[in-house]
Amino acid sequence: MHLDVLVFGSIAIAAKADRVRVRLGDAPTLADVARAMAEQHPPLAFALQSPRFAVNQAFASLSTPIASTDEVALITMVGGG
Amino acid sequence: MHLDVLVFGSIAIAAKADRVRVRLGDAPTLADVARAMAEQHPPLAFALQSPRFAVNQAFASLSTPIASTDEVALITMVGGG
Amino acid sequence: MDRSPVILAAILDGPVDPSAEAKALSSAARALPELNTSGRVGATLRFEGIVRRDEPSPGAPPSAAPILRPICALDYQSYDPMAQAQLESLSRDISREFGLLALTTLHSRGRVRVGEISFLLTISSSHRAEALAAMTAFIDRLKRDVPIWKTPVWAD
Amino acid sequence: MDRSPVILAAILDGPVDPSAEAKALSSAARALPELNTSGRVGATLRFEGIVRRDEPSPGAPPSAAPILRPICALDYQSYDPMAQAQLESLSRDISREFGLLALTTLHSRGRVRVGEISFLLTISSSHRAEALAAMTAFIDRLKRDVPIWKTPVWAD
């Protein structure tokens, strides 16, 4: 399956886009999403060493299973305040 | 010699006055002042276990020599803010 | 209802200026003045985060001292509606943990120029200790848990 | 003179209300607005100490939980001019130690009623960390080194 992952801030600048598409195997988890992002988008590897994701607008652990209809966002290096 | 020591706050309430007079021996230091206050004014002993004094409007150590013309104030248990 | 804290948390477009603050606070227009005249509040603390005239230049090695580069503004991007929900739950959590009487927080979305306020946090509590501790904890967790990012608008 | 902090420290009669604050701040009327538009300030922090409706009743054993008793005001007594000198030197020390850009503080002398402000401290700095640390240190040392005492005016 394919999945578009939302990215923000310096990651969006590195990606030159506000989302990146990854190819995933069967029954993927968030850990698989992180691995696929780093492999398929090497400029983003810097942000995926200890990644944190939201699934459908809530933080989720790396073991969370992902369907192609989920809204997945990479939430690392936030910089509010 | 005699010396009037300025007191404030709960110490002034305990002393029922804004200054207390103490009798001192020859060549007294602030440590002697503290001892004399506790002995001659027992209701104030609670405030003299680790006393802090100002001499002529500046903090001074207990070894400071005191003359009868010095302005001496007991500065413990301040409560500003 | 003596023990229920007054909480207000919002993300708004542009800088947190007095009119934006007054508008956001109008939803607590009765509760806050009541609290302030109750005699229960012993400490109020107000923090304003302001856009500074320079930001660390990207690309420098992390170990080196940052090279500052002039900016004219910061662009804040908020992941909505998650950012709003996280800001609200953070406000409730901190108020409960530290026993606060009131907490209001506003954060900018979009462009905020140098010298303008992008973040506001006010806390009311019985004593100063819990207000100071709550403020430090709030800002630490904001930077961890609320999905808002800033991008410098370089001046040069 | 980019690096000299703006410092204002004063003890004034009665509560720290907006008119008292405006009057005290008028002596920094040029320096503070200049600083605020300079782009150097990244954080401002404002603390207000407010008279609460009750105070611990005296005479209880120190180990026991305090028994609160209603008050209508606090009477602040200041040992002058030492209190003013100590407040000024504390302000200079804290500004230097924490590298602040501005510090203003006002403390009441005399009667302050429940709900009124008796103590104000505002800090401006480049970043939030030093503002929060400086505020905590200032209040701790104020209560140790500035000769001001409060006496409750009991309501009952």
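Think of each chain on its own: its residues are numbered from 1, step by step along the sequence as written. Working convention: letters from A go to chains and numbers from 1 go to ligands, in the order in which they are written. In keeping with the model being predicted, local features are shown solely for residues with a pLDDT of at least 70 and side-chain atom pairs are shown and tallied solely at 80 or more, while totals for entire chains, interfaces and linings include all residues. Neither water nor hydrogens contribute to the side-chain values; these are computed over all heavy atoms in the structure.

This paragraph deals with the pattern of salt bridges. Residues and elements named next belong to chain C. One speaks of a salt bridge when a side-chain nitrogen belonging to Lys or Arg is within 4 Å of a carboxyl oxygen belonging to Asp or Glu. On inspection of all chains with the given rule, the structure shows 32 salt bridges over all chains. Residue D156 pairs with R69 through a salt bridge whose shortest N-O separation is 3.2 Å. Of this pair, D156 sits in the segment after β7 (148-154) while R69 sits in strand β4 (residues 68-78), placing them 87 residues apart in sequence. Owing to a relative accessible area of 27%, R69 belongs among the partly exposed residues under this scheme. Each helix corresponds to a stretch of at least 4 residues labelled H or I by DSSP, and each strand to a stretch of at least 2 residues labelled E; elements are numbered beginning at the N terminus. Residue exposure (1.4 Å probe, protein chains only): buried if accessible area is under 20% of the type maximum, exposed if over 50%, otherwise partly exposed.

Quick look at the relation of the copies chain D and chain C now. Here the copies are superposed with least squares, the fitted atoms being C-alpha atoms of residues at a pLDDT of at least 70 in both. Note on the copies: chain D fits chain C at an RMSD of 0.0 Å, the axial shift is 0.0 Å, and the rotation between them is 180°. Look at the turn and shift together and you get a two-fold axis relating the two. In terms of proximity to the rotation axis, the leading residue of chain D is R46(D), whose C-alpha is 2.5 Å off the axis. When you check the interface residues of chain D against chain C, 100% turn up at the interface there too, and the contact is symmetric in its surfaces. Contacts are assigned to residue pairs with any non-hydrogen atoms lying within 4.5 Å of each other.

Right, let's talk about the interface of chain D and chain C for a bit. Between chain D and chain C, the residue contacts involve 27 residues of the former and 27 residues of the latter. Where chain D abuts chain C, roughly 2,400 Å² becomes buried across the two surfaces, and 53% of that area is made up of carbon and sulfur atoms. In short, buried area is how much 1.4 Å probe accessible area vanishes from two parts on joining, totalled over both. Considering only the side of chain D, the residues that lose the most area to chain C are R52(D), R53(D) and R128(D), jointly responsible for 25% of the buried surface there. Counting across the chain D and chain C interface gives 2 salt bridges. A salt bridge links D140(D) to R128(C); its shortest N-O distance comes to 3.5 Å. Distance and chemistry together define a polar contact, namely a pair of N or O atoms within 3.5 Å, with one atom able to donate a hydrogen and the other to accept it when in protein, and with adjacent residues in sequence counting only for side-chain atoms on both sides. On inspection of chain D and its partner chain C, the count reaches 12 residue pairs in polar contact (both at pLDDT 80 or more). Taken together, the elements giving at least two residues each to the side of chain D that touches chain C come down to β2 (43-50) and α4 (128-145) of chain D.

Before going further, it helps to examine unusual backbone geometry. Excluding glycine, residues mostly have negative phi values, and the peptide bonds linking residues are mostly trans. Put simply, D80(C) and P81(C) share a cis peptide bond, and its omega is 0°. Here P81(C) lies in the loop between β4 and α3 (82-98). Here N56(B), not a glycine, exhibits a phi torsion of approximately 50°, which is positive. By relative accessible area, N56(B) is classed as partly exposed at 42%. Positive phi, close to 75°, is recorded for Q57(B), a residue that is not glycine. Locating Q57(B) in the fold gives a position in the loop between β3 (53-55) and β4 (58-60).

Residues and elements named next belong to chain D. When you line up the elements, T105 lands in strand β5 (residues 102-113). Residue T105 is classed as buried on the basis of its relative accessible area, which comes to 0%. From its side chain, T105 meets the backbone oxygen of L120 in a polar contact 3.0 Å long. The contacts of T105, once residues within four sequence positions are left out, are L8, A9, A10, L87, S91, F119, L120, L121 and F138.

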